[in-house]
Amino acid sequence: MAFEIPKILYNGAIKENPLGKESNRITVGGETCYPFHLFEGNMPHPPKIAMEVYDATPEDWAQAALDPFTDVVHDPAAWAQKCVASYGAEMIALQLASTDPNAQNTTAEQAVETTKKVAAAIEVPLIVWGCCNVEKDTEVLKRIAEECTGENLILGPVEEDTHKALGAAAIAYQHTIAASTPIDINLAKQLNILLGNLGVPDERILVDPTVTGLGYGLEYCYSVMERDRMAALTQEDERLQFPIVCNLAKDVWKVKEAKLSDEDAPLLGDPTKRGVLLEAMTALLFLLAGGDILIMRHPDAIQLVRGFINDLMGS
Amino acid sequence: MALTGIQIYKLLPKTNCGECGVPTCLAFAMSLAAAKAELAACPYVSEEAKAELADASAPPIRVVEIGTGERKLKIGGETVLFRHEKTFINPTGIAVLVTDEMSDEDVAGRLERFKTLEYERVGLTLRADLFAVKSLSGDAGKFEALVTKVKSQTDGGIILMTEDPGVMEAGLKACADRKPLIFAATKENAEPMAALAKEHGCPLAVKGDGLDEVSELTTKLTEGGLNDLVIDSGARTIRKAFEDQVFIRRGALLKKYKPLGFPTIALPCEMTDDFMQETLIASMFVAKYGGIVVLSDIQGHSLFPLLLARMNVYTDPQRPMATSPGIYEIGGPNEDSPVLVTSNFSLTYFIVSGEIEASRVPAWLIIVDTEGLSVLTAWAAGKFVGDVVGISLKKSGILDKVRHKKVVIPGYAAAISGDLEEELGDWEVLVGPRESAHIPAYLKEWKVG
Ligand code: SF4
């Protein structure tokens, strides 16, 4: 009595999105099955990891996260180059944290300049992420879209309040956008509909479901992603059939458990390994839930997760 | 599959004697089908009918218990593939490996870490659950001695690992009263292992080379009267082990395939030599259907993230996690320290308290009971409005703890400031940042006078 593997019938597929400059395209998405359920479908493009680069020297980072980059933290372009050259980054994610009006409040011009420098320093696709302030993101990301035509940047977060301005800019200057909604599948779908109505082509939309780190509500994001994939793949929910991007590192590393020293928290073991595992585990759980692009920080965590993707894809 | 009332009726005596409390057997059958009655209420039901009914009403994945007393571990009993459909019920058991070829020091280190690595979180104690004691030498005496040592130094559950029935017997002699999991019955030793499991009333793990072999073994064992089984599919590569977990869960739930209707045990410790990767593999099994994971070791930096992953995955997806309302002192505040107020959604509490801590500005954080809703949702639902927040502040006693008369509310609740000022009388309501990440900058600017 041989056991017959119960398979799930899928009737949808995730769209395939080409990213990056024309000379160096990579594609994400295209899944026809649940994450890594390769016995009943395909993942033509294994998930990619984008390495973080900040537009200003980080001030409050855990030492563990800072250590690999101490020589480049003051120079985003050099930082991006190091990520590619030393750690084999498949993509770069430039975090425009300093544009935040509550932080240094750097100007749109400065952001444009930094983006151009980073874009010129690398061949891999570039994600440019704002500071999550509606007015500032609209101003900054719009300017970047205009001035970086031809780069096919991935601009995020594009929220309901910013989607008109940034959607229009993405269409006009040919960039991809990360449509961002707060951990809610219906809001995600709604924003994708709005972007479609605006005329943003499907292959230029990625979904950012908003993610948080391990121990801090990760389960909400995890389940929204699983529901998203279920609706997209088995319920023909066409407006959810987009690749998912998880901007996870900043939330993983900002919690106190990622920063405590071993003297302050002897029960939490080695601070570097702890931070690396917090990040890698968060990333792995999001991969299992449907992540296509993971924005990550620590080279050791990235290496672990990359190996894991290979193992899950391999025979 | 549960039986219908009519199917159950066919199994009853059909005498309508009424002793079960309802007038007819049919009425009783209907109550049973609706789970409103217990079969035991009918004194005349036949043994065969009992067995058939028990069989039909059994959960698709059996619940297996390991250990005794307060630290008894329950695994299995899951009813869904995805956690958003229904809560994952019995969290993955975390086991630490010790072998009879480890040095005393290595064993002692693991025993010590097992005891000390405990974490309090949202009112839960997070910790590892089991010791997997493995015989590598094949020496029954050595095994018994190690099991005795582990048993005497921990109240955690025990897994006995050897495929030699003679060695297993020695291990059982030392700890059968603790109801250990016997690991494992294989094609070669199934009969003597089954005899031991029966004799000692212990759960038995079945290790096969693939799911067909596992199914044959579990079928044979259940026919022999053993039902507390745990499955090891034998896979030791990441992809195969992941797929087997999916097949087992789907087989049990979607096909009601009985031979695989048992919880699983996974062995990251046999899948890699890299400790970090091993921990990561364990987290995969926490999300994807592992009943137990066996690790080569635990350290604070590996166990803590894994416990968080388990806590997250096994949280009830319907109910927002809530923190208890009241005053939280962060960084040793005094009478001149700022007072902040927010909702009791755990995530909000964690993040806000983390940011206050990061700011290094001592502060009072007042948590208002919003029934676990976030600030924005609670405000929209009328649970984070002026009078409610005002009354909570008064009740909390914070008004007597500070000299100043200022309270900071979340930026998202700016609209309540007028009502709140009215409720609090001469207090000044300050609107804080909308995003918690901006709290440190805000607090550094905050002045008492
Ligand atoms: S006690 Fe049993 S036999 Fe009597 S009416 Fe109830 S179900 Fe029927």
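What comes next concerns the included structure.

About the criteria used
Residues numbered from 1 in each chain as written. Chains lettered and ligands numbered in written order. Predicted model: local features only at pLDDT ≥ 70, side-chain atom pairs only at ≥ 80, totals over all residues. Heavy atoms only, no water. Contact = heavy atoms within 4.5 Å. Buried area = accessible area lost by both parts, 1.4 Å probe. Salt bridge = Lys/Arg side-chain N within 4 Å of Asp/Glu carboxyl O. Polar contact = N/O pair within 3.5 Å; in protein donor to acceptor, adjacent residues only side chain to side chain. Helix = DSSP H or I, 4+ residues; strand = E, 2+ residues; numbered from the N terminus. Nonpolar A, V, L, I, M, F, W, Y, C, P; charged D, E, K, R; others polar. 1 Å grid on protein atoms, 1.4 Å probe; cavity = no way out; pocket = protein on both sides within 12 Å on 5 of 7 lines; lining within 4 Å. Points joined across faces, edges and corners; volume = space filled by probe spheres on them.

Tallying the contact residues gives 54 residues for chain A and 57 residues for chain B. Between chain A and chain B the total buried area reaches about 5,200 Å² when both faces are included, carbon and sulfur atoms providing 70% of it. Connecting chain A to chain B are four salt bridges. In this structure, A:Glu226 engages B:Lys288 in a salt bridge whose closest nitrogen and oxygen atoms are separated by 2.8 Å. Here chain A is connected to chain B by 15 residue pairs in polar contact (both at pLDDT 80 or more). Among the elements of the structure, α7 (218–234), α9 (256–259), α10 (271–289) and α11 (299–313) of chain A are those that each provide at least two residues to the side of chain A that touches chain B. Top contributing element to the side of chain A that touches chain B by residue count: α10(A), with ten residues. Considering only residue class, the side of chain A that touches chain B consists of 32 nonpolar, eight polar and 14 charged.

Our focus in this paragraph is empty space enclosed by the protein. Counted by the stated rule, this structure contains ten cavities of 30 Å³ or more. By volume, the largest cavity is sized at about 130 Å³. Residue lining of the largest cavity: 16 residues in total, with B:Glu78, B:Arg249, B:Pro263, B:Thr264 and B:Tyr289 positioned closest to the centre. Top contributing element to the lining of the largest cavity by residue count: helix α9 (residues 238–254) of chain B, with four residues. In this structure, the second largest cavity encloses a volume near 110 Å³. In terms of lining, the second largest cavity is formed by A:Thr212, A:Gly213, A:Tyr216, A:Asp251, A:Lys254, A:Val255, A:Lys256, B:Phe350, B:Ile351, B:Gly354 and B:Glu355. For the lining of the second largest cavity, the secondary-structure elements that each account for two or more residues are α8 (249–254) of chain A together with α12 (346–359) of chain B. Per-element accounting of the lining of the second largest cavity gives the leading share, four residues, to α12(B). The residue inventory of the lining of the second largest cavity, partitioned by class, reads four nonpolar, three polar and four charged.

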